[in-house]
Amino acid sequence: MKKRSLWIITALMTFALLGVFVMQMYYIRESYNLKSQLFEQDVNQALSTVVNKIQKKNVIGHINRKDVEFQEQKSKNIRMQTDSIVAFKVRFKESEVVRKIKQRQQIFDYIGLQDSLIRDNFTSPVIITEEDYANLSNPNPNDKNTLRLNVNDIKGPNGILLSRSVTPSFFRKRAVINPNKLPDTIRYLAFHPMTGIPQFISFPSVDPELKTKFKLEDAKATYKYKVELEKLYADTVALLNAGNVSLVQDVAKEMANKDIPLEQRIPSQEILDTLIKRELLSKNIDLDYHYWVTPSKNTGKVIYRNVALQAGEVLPKNTFSKIIFSNDLMIKDPGMLYVSFPNKNSLIFSNMFVTLISSVGLLLVLVFIFAYTIYAIIRQKKLTEMKTDFINNMTHEFKTPVATIMIASEALKDPDLNADKARINRLAGIIYDENVRLGNHIERVLNVAKLEKKELKLERQPVAVNELISLVVDSMSLQLQKKDAEVTLALDAENDVLIGDELHLSNVIYNLIDNANKYSPLNPKIAIKTKNHGNGIDIEISDAGIGMTKEQTKRIFDQFYRVPTGNLHDVKGFGLGLSYVNDIIAQMNGDIKVSSEKDKGTTFTIHLPFKLNN
């Protein structure tokens, strides 16, 4: 994948992620606003209920100052009479509503009957508005918005009319009958069923006979209502004038007294606090709140409060207010009740907990998927590049021995060489050595493939580590001598026998010594040490070569990865050696560590247990 494509994919995914983030923020904000509105609505309803109860308690307080025995009986009679009046008015309203509903139903039945007749006798009737009716009746040829009729006649060879279709050339929309606002006349545009000629059909929305009937019913009901109501009022007046000064008159006189202080009309602070708390809990609002009562005029006076409030102080956020005696027009000052919620947002956010958690969880999942996708793409890109380098290196590594074998084979075809036995043997040795070299390359690739597929099975036999290291160093003497390498052995492990696979362990040691030799300048200095540690053996192979950075040491065990060699241009390899070493050590239940410093050398430390686990 090209860098440009990678950048485009990253930009598009980032844009999509930001879009989802913005939508989630918008959704959360709208949810918060909705919850706030519902909270404010519940608080205002609770305060309205509190104020109503304060007003009732105020009236009850005034009533209790009177003669209880006399006034209770009189009040009861008045309430009964008042209730009778109210009940009579309610019954009249209900009967009036029922009567109006029946009248409206009769109108709808009439309209339905007329509509059925029109639809039975005409073709394609459509209800039209008065405006469309005017346009059709008196079309204006200069007005493009005027409704016209297009007549399309189809005639036979002898001129006889076979069919006719009439369609409006412009039709705004079909008129809709509003049940709450009927027009005086309902008009239809229809077509004659035989001739197809368009016709207008009109009928009044209310039958004149029904109108007359409705007027008579309304007049009778109104007259009966007035007569009954006047009788009830006469009985009420008689009841008020009976005996001493009536209760209602006493209360009215007392309520009309403008000198009654506001604090005397409001219940005690304990009762007020109980009322507020009870009503808020009925609305599922269980929050700490502050409240205070003041005159409606800004005099700085506070009657009740459960929070410190300075005179002239700006109202805190989330404060709700309500006029206490809003219905009492004779009182000079109706008073104000304030309630404040310092922790309003905590309640709203607790109600939005599921929404917030789901939104945050979704965003985190999307961010993780986005990051992992980019990581996978970059990793796959690097892996592809390393595989390409591996194929190039493998081709180069195979090309040299193949070319050498080709040249030696052609030389053997020369008839003049038949007598030169020494030269023939030398050429045969070259072919054999190059075949061995090819075989080693192929074996290395196959071993790595088997390791990946978990098909490589290790032998379990005693291996003398010190002796094995000496044999490997001895077998590499020629290639070590080519660079005048200096190898120092300090095989100090007294117990050097462990259970493992001798072949693959020798390959591990060979790879590490070969790397130490290749990645060192002239006259490499290589040190190999063994020692007993815990329940196993430590093998340490160090060099004074080009070394590695910390970033490089993190990747050296990855397949196909090769450390940049700087000015060492003759270093060959597939990038499989250390990956193979790491896998073999892991299968032998060991571990390998590397410490390196740029331009100062590298040290590999292997720890192998004496016995392999099953």
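Preceding block: the structure.
Asks: Please provide a residue-by-residue account of the overall build of the protein, values included.
Replies: If you tally the helices and strands in the protein, you get 15 helices and 16 strands. When each of the 614 residues of the protein is scored for burial, the buried share is 34%. Sequence separation of at least 24 residues holds for 70% of the intrachain contacts in the protein that already meet a minimum separation of 6. When the accessible area of the protein is evaluated, it comes to approximately 38,600 Å², of which 56% is carbon and sulfur surface.

Asks: Report on the packing of helix 11 (residues 465–475) against helix 13 (residues 502–518), specifying residues and quantitative values.
Replies: Running from amino to carboxyl end, helix 11 crosses helix 13 at an angle of 55°, the nearest separation of the two axes being 10 Å. With respect to helix 13, the axis of helix 11 lies oblique. Relative to helix 13, helix 11 is oriented so that their crossing is right-handed. Contacts between helix 11 and helix 13 involve Leu468, Ile469, Val472 and Val473 on the former and, on the latter, Glu502, Leu505, Ser506, Ile509, Tyr510 and Ile513. Of the residues assigned to the contact of helix 11 with helix 13, the class counts are eight nonpolar, one polar and one charged.

Asks: For the pairing of strand 13 (residues 525–533), give the residues involved together with the corresponding values.
Replies: Sheet faces and side chains relate simply in a regular strand, where the side chains alternate between the two faces. As defined by bridge partners, strand 11 (residues 486–491) adjoins strand 13 across six bridges and the pair is classed as parallel. By the bridge assignment for strand 13, Leu489 is matched with Ile528. Hairpin remark: strand 13 followed by strand 14 (residues 536–543), antiparallel, with two residues in the connecting loop; positive phi at Gly534, about 60°.

Asks: Give me the lowdown on the packing of helix 13 against helix 15 (residues 577–587), citing residues and values where you can.
Replies: Two elements in contact, helix 13 and helix 15, have axes whose closest approach is 10 Å; the angle formed by their N-to-C orientations is 145°. Of the two possible hands of crossing, helix 13 and helix 15 adopt the one that is left-handed. From helix 13, His504, Asn507, Val508, Asn511, Leu512 and Asn515 reach across to helix 15, where they touch Gly577, Leu578, Tyr580, Val581, Ile584 and Ile585. The residue makeup of the contact of helix 13 with helix 15, split by class, is seven nonpolar, five polar and no charged.

Asks: Now, about a nonpolar patch on the surface: what can you tell me, with residues and values included?
Replies: A surface patch of nonpolar side chains, about 570 Å² in accessible area, is lined by Val365, Phe368, Ile369, Tyr372 and Tyr375. Considering the arrangement of structural elements, one finds Phe368 in helix 9 (residues 353–412). For Phe368, a relative accessible area of 57% translates into the label exposed.

Asks: Pulling in residues and values, what's your account of the pattern of salt bridges?
Replies: Inspection of the entire model under this criterion finds eight salt bridges. Among the ionic pairs, Asp218 bridges to Lys100, the shortest N-O distance being 3.2 Å. Here Lys100 lies in helix 2 (residues 68–121) and Asp218 lies in helix 4 (residues 208–241), a separation of 118 residues in the sequence. Residue class for Lys100 comes out partly exposed when judged on its relative accessible area of 37%. Among the charged side chains, a salt-bridge network with shared partners connects Arg99, Lys100 and Asp218.

Asks: Mind laying out the packing of aromatic side chains, listing which residues take part and the relevant values?
Replies: Applying the stated rule across the entire model yields 10 aromatic pairs. Aromatic side chains Tyr289 and Tyr291 sit 6.3 Å apart centroid to centroid with 35° between the ring planes, which places their arrangement in the tilted category. Taken together, a centroid distance of 6.4 Å and an interplanar angle of 45° make the contact between Tyr372 and Tyr375 tilted. With Tyr372 and Tyr375 both in helix 9 and three residues apart, this pair spans about one turn of that helix. Put simply, the rings of Phe39, Phe320 and Phe341 pair up and form one aromatic cluster.

Asks: So, the sheet that holds strand 16 (residues 601–609): which residues are in play, and what are the values?
Replies: Strand pairing in a sheet relies on backbone hydrogen bonds. The paired strands run either parallel or antiparallel. The strand order across the open sheet built from five strands is 11-13-14-16-15, with neighbouring strands paired in mixed fashion. Of all the strands in the sheet, the pair left with one neighbour each is strand 11 and strand 15 (591–597). Neighbour-to-neighbour, the strand axes of this sheet turn through a mean angle of 10°, independent of strand direction. Relative to strand 14, strand 13 runs antiparallel, the two being bridged by eight bridges. The residue of strand 14 that forms the bridge with Lys529 is Glu540. Across the sheet, helix 11 touches strand 11, strand 13 and strand 14, and the angle it forms with strand 11 is around 170°. Its contacts with the sheet place helix 15 against strand 15 and strand 16, and it is angled at close to 140° to strand 15.

Asks: I'd like to hear about the sheet that holds strand 1 (residues 123–128), residue by residue, with values.
Replies: Ordered in space as 1-4-5, the three strands form an open sheet in which the pairing is antiparallel. With one partner strand each, in any of the chains shown, strand 1 and strand 5 (198–204) form the two edges of the open sheet. When the angles between neighbouring strand axes are averaged without regard to direction, this sheet yields 25°. Sheet topology places strand 1 next to strand 4 (residues 185–191); four bridges connect them, and they run antiparallel. By the bridge assignment, Thr123 is partnered in strand 4 with Phe191.

Asks: Please set out the pairing of strand 15 residue by residue, giving values where relevant.
Replies: With seven bridges joining them, strand 15 and strand 16 adopt antiparallel strand pairing. Following the sheet pairing, Glu597 is matched in strand 16 by Gly601. In textbook terms, the turn of a hairpin is the stretch between consecutive antiparallel strands, and for strand 15 and strand 16 this stretch comprises three residues, one of which, Asp599, has a positive phi near 65°.

Asks: Outline unusual backbone geometry, listing residues and values.
Replies: The backbone of Asp484 sits at a positive phi, close to 55°, despite the residue not being glycine. Tracing the sequence through the fold places Asp484 in the loop between helix 12 (477–482) and strand 11. Residue Asp599 is not a glycine yet carries a positive backbone phi of 65°. Inspection of the secondary structure assignment puts Asp599 in the loop between strand 15 and strand 16.

What counts, and at which threshold
- Residues numbered from 1 in each chain as written.
- Predicted model: local features only at pLDDT ≥ 70, side-chain atom pairs only at ≥ 80, totals over all residues.
- Heavy atoms only, no water.
- Helix = DSSP H or I, 4+ residues; strand = E, 2+ residues; numbered from the N terminus.
- Buried < 20%, exposed > 50% of the residue type's maximum accessible area, 1.4 Å probe, protein only.
- Contact = heavy atoms within 4.5 Å.
- Areas by Shrake-Rupley, 256 points an atom, 1.4 Å probe, with all protein chains shown as cover.
- Axes fitted to C-alpha atoms, helices over the stretch in contact; angles between N-to-C directions.
- Parallel < 35°, antiparallel > 145°, perpendicular 65-115°, else oblique.
- Left-handed = near helix turned anticlockwise from the far one by under 90°.
- Nonpolar A, V, L, I, M, F, W, Y, C, P; charged D, E, K, R; others polar.
- Pairing = 2+ DSSP bridges.
- Patch = residues over 30% accessible without salt bridge, like charges linked within 9 Å, V, L, I, M, F, W, Y side chains within 5 Å.
- Salt bridge = Lys/Arg side-chain N within 4 Å of Asp/Glu carboxyl O.
- Phe/Tyr/Trp six-rings, centres within 6.5 Å; stacked < 30°, edge-to-face > 60°.

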